[in-house]
Amino acid sequence: MTKYLLAVSGGVDSMVLLDMVATSYHGFREKHFSGAQFPADFIVAHYDHGIRGKVSAEDAEFVRQQCRNYGVAVQCGCGKLTAATGEAVARQYRYDFFRRVAEAIARDDEPVYLVTAHHQDDLLETIALNIVRGTGWRGLAPMNQPQVLRPLLDIAKAELVSYAIEHGLAWREDQTNDSPRYLRNRLRALLASRSPADKAKLTRLYERQKHLRRQIEQELEHYCVRHITRDKQGQLVLRRYDLIMLPSRVAIELLRHATDGYLTSPQLRQLLLFAKVGRSGKQMRWRRVGVRLDTKLLYCRLSDLAIYK
C-alpha cells in the first residue's frame, strides 16, 4: 500500500496540511490521496535543525504532542547546525532525513511519497527567487519532483491562516521567517506589496512554463534513451563522442540525468569539459557522484542519492 510522509514543521502551513489530511476536509484526502486511510497510511516527519536551540526542541515536542492528538505516528530527527548555516544546507539536511525515513517505511517496492505544505505564495516566491538567481527554464516551473506531493499549491497563505483560526488549530511561529538575512524573506516582503494582478501574472507564467517544461522533458527523455545505457555493474554509460558532438545544452542535460540532478550547473559544465578533454583512466568525484573515463566512454556511478530534491 502506498505510504505518505507528511513533512510537518509545526508552522501554520504544515498544521493545516495535517488537519486537512486527518479530517479529509471537503474530501481533501480522497482528492489528493485516493484510497489512503488515516492514520494507517500516513506518518509525520519533523526535522529539528538545532539552529534555534531550545526553541527548535520545543517545536519538535509540539509536533509530537499534536501527532498524539491526531493519533498518527511521527518520526523526529535532530541536527546540530549553527545559526550561520545557509538555507540550502539546512534544506539538504532536512531532505536527507526525509529520505532516510522514507527508506525505513518502504515495503515491497510500494512508493513512498513525501507530502509538503508548500502553498501558492511559496510557489511565487520560488519563481521570483529563481529569476533572481538565473536558474533557467526549470526555475520558472519549480516544484515538479515526481515523488513529492504538494496539495496546497493552489491555496494562498492568507487562506491557510484563516482555516487555522476558524478550526482552532495551534501552531508555532519561526522567527527566522522574518529575518532580512535570507533572500527568500526579502523577496517575500517584496511580493507581499505587489498587487493581485502582478501575482496573477506570475501564476500564468508558471502555468505556461510548466507546460513548456513537460515538452522539454519529453524531448530530453528521447535523448536519454538514445544516448545513455547501463553496464553490468549498474553504472550509467555515455559515449564521449556524443557529448562532444551534441549541442552543449543537450549534453549538459544528459549529464544532469546521468547524475540524477545532484550536480549544480557549474559542476555539470565542468563535467562536460572533463568528458571532452580528459584522459582515459581519469576520474572526478563529488560527495554522491563518481565518474570515470576510458578512451570512448564516460561511466557514472551514483551512491546514496537523495530521493527528494
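Residues numbered from 1 in each chain as written. Predicted model: local features only at pLDDT ≥ 70, side-chain atom pairs only at ≥ 80, totals over all residues. Heavy atoms only, no water.

## A few points about the overall build of the protein
Okay, step 1: Counting its secondary structure elements, the protein contains eleven helices and ten strands.
Okay, step 2: Looking at the protein as a whole, 44% of its 309 residues are labelled buried.
Okay, step 3: As displayed, the protein offers around 16900 Å² of accessible surface, 52% of which is attributable to carbon and sulfur atoms. (Helix = DSSP H or I, 4+ residues; strand = E, 2+ residues; numbered from the N terminus. Buried < 20%, exposed > 50% of the residue type's maximum accessible area, 1.4 Å probe, protein only. Areas by Shrake-Rupley, 256 points an atom, 1.4 Å probe, with all protein chains shown as cover.)

## Quick word on the nonpolar core
Okay, step 1: If you look at the biggest cluster of nonpolar residues, it comprises 28 residues, and the most contacted ones within it are L6 and F42.
Okay, step 2: Elements with a minimum of two residues in this core: β1 (3–7), α1 (12–23), β2 (42–48), α3 (54–70) and α6 (157–166).
Okay, step 3: Among the elements that take part in this core, α1 stands out by supplying seven residues, more than any other.
Okay, step 4: Apart from the residues within four sequence positions on either side, L6 is in contact with L17, L18, V21, F42, I43, V44, A45 and V115.
Okay, step 5: Core analysis: the second largest hydrophobic core is formed by 25 residues, L236, L254, V289 and L298 among them. (Core = buried A, V, L, I, M, F, W, Y, C linked by side-chain atoms within 4.5 Å. Contact = heavy atoms within 4.5 Å.)

## Considerations on the sheet that holds strand β3 (residues 73–78)
Okay, step 1: Overall, parallel pairing links the five strands, which are arranged β3-β2-β1-β4-β5 in an open sheet. Two strands lie at the open edges of the sheet, namely β3 and β5 (148–149), each paired on one side alone.
Okay, step 2: Relative to β1, α1 is tilted by about 150°, and along the sheet it contacts β1, β2 and β4 (112–115).
Okay, step 3: Its contacts with the sheet place α3 against β2 and β3, and it is angled at close to 170° to β2. (Pairing = 2+ DSSP bridges. Axes fitted to C-alpha atoms, helices over the stretch in contact; angles between N-to-C directions.)

## Let's talk about the side chain of T116
Okay, step 1: Relative to the helices and strands, T116 is located in the loop between β4 and α5 (120–133).
Okay, step 2: Among the residues examined, T116 registers a relative accessible area of 5% and is labelled buried.
Okay, step 3: Here H118 takes part through its side chain, which lies 2.8 Å from a polar atom of the side chain of T116.
Okay, step 4: Setting aside residues no more than four positions away along its own chain, T116 makes contact with L17, Y95, V148, L149, R150 and P151. (Polar contact = N/O pair within 3.5 Å; in protein donor to acceptor, adjacent residues only side chain to side chain.)

## So, the pattern of salt bridges
Okay, step 1: Within the structure shown, the criterion is met by ten salt bridges.
Okay, step 2: Where K3 meets D41, a salt bridge forms, and the shortest distance between an N and an O atom there is 3.7 Å. Taken together, the residues K3 in strand β1 and D41 in the loop between α2 (28–32) and β2 connect sequence positions 38 residues apart.
Okay, step 3: With a relative accessible area of 26%, K3 lands in the partly exposed category.
Okay, step 4: Overlapping salt bridges bring together E58, D59 and R172 as one network. (Salt bridge = Lys/Arg side-chain N within 4 Å of Asp/Glu carboxyl O.)

## Observations concerning the packing of aromatic side chains
Okay, step 1: Per the stated rule, a full pass over the model turns up ten aromatic pairs.
Okay, step 2: Seen from their ring centres, Y95 and F98 are 5.4 Å apart, and the 70° between their planes marks the pair as edge-to-face. Note that Y95 and F98 are positioned in helix α4 (residues 87–105) at a spacing of three residues, about one turn of the helix. The burial state of Y95 is the same as that of F98; both residues are buried.
Okay, step 3: Relative to F98, the ring of F97 lies with its centre 6.1 Å away and its plane at 50°, an arrangement referred to as tilted.
Okay, step 4: Under the relative-accessibility criterion, F97 is labelled buried at 7%.
Okay, step 5: Of the aromatic side chains, those joined through ring pairs into one cluster are Y4, F28, F33, F38, F42 and Y113.
Okay, step 6: The aromatic ring of Y95 is capped on one face by R91, whose charged end is 4.2 Å from the ring centroid.
Okay, step 7: The residue whose ring lies beneath R292 is Y299, and the NZ or CZ to ring-centre distance is 4.3 Å. (Phe/Tyr/Trp six-rings, centres within 6.5 Å; stacked < 30°, edge-to-face > 60°. Lys NZ or Arg CZ within 6 Å of the ring centre and 35° of its normal.)

## Describing the environment of M284
Okay, step 1: Relative to the helices and strands, M284 is located in strand β8 (residues 283–285).
Okay, step 2: Sequence spacing of M284 and Q270 is 14 residues, and the spatial spacing of their C-alpha atoms is 9.9 Å.
Okay, step 3: Those residues within four positions of M284 in sequence are excluded, and the remaining contacts are Q270, L271, F274, V289, G290 and V291.

## Here's the deal with the side chain of H119
Okay, step 1: One can find H119 in the loop between β4 and α5.
Okay, step 2: By relative accessible area, which is 2% here, H119 ends up buried.
Okay, step 3: Side-chain polar atoms of H119 contact the backbone nitrogen of D121, separated by 3.2 Å.
Okay, step 4: With sequence-adjacent residues up to four places away left out, H119 is seen in contact with D13, L152, L153, I155, K157 and L160.

## Section: the confidence of the model for the protein
Okay, step 1: In this model, the protein carries an average pLDDT of 84, and 85% of its residues clear a pLDDT of 70 or more.
Okay, step 2: Across the protein, the secondary-structure element scoring lowest on mean pLDDT is helix α7 (residues 183–192), at 64, and the one scoring highest is α1, at 97.
Okay, step 3: Note on residues 305–309: pLDDT is under 50 here. Beyond four places in sequence and across chains, it has 26 contacts. (pLDDT = per-residue confidence, 0-100.)

## A few points about unusual backbone geometry
Okay, step 1: For the bond running from F38 to P39, omega is 10°, close enough to zero to count as cis.
Okay, step 2: Here P39 is to be found in the loop between α2 and β2.
Okay, step 3: Phi angles above zero are rare outside glycine, and S24 is one such case at about 50°.
Okay, step 4: In this fold, S24 is placed in the loop between α1 and α2.
Okay, step 5: Phi at H26 is positive, roughly 50°, even though this residue is not glycine.
Okay, step 6: Within the secondary structure, H26 is located in the loop between α1 and α2.
Okay, step 7: Using a relative accessible area of 71% as the deciding quantity, one classes H26 as exposed.

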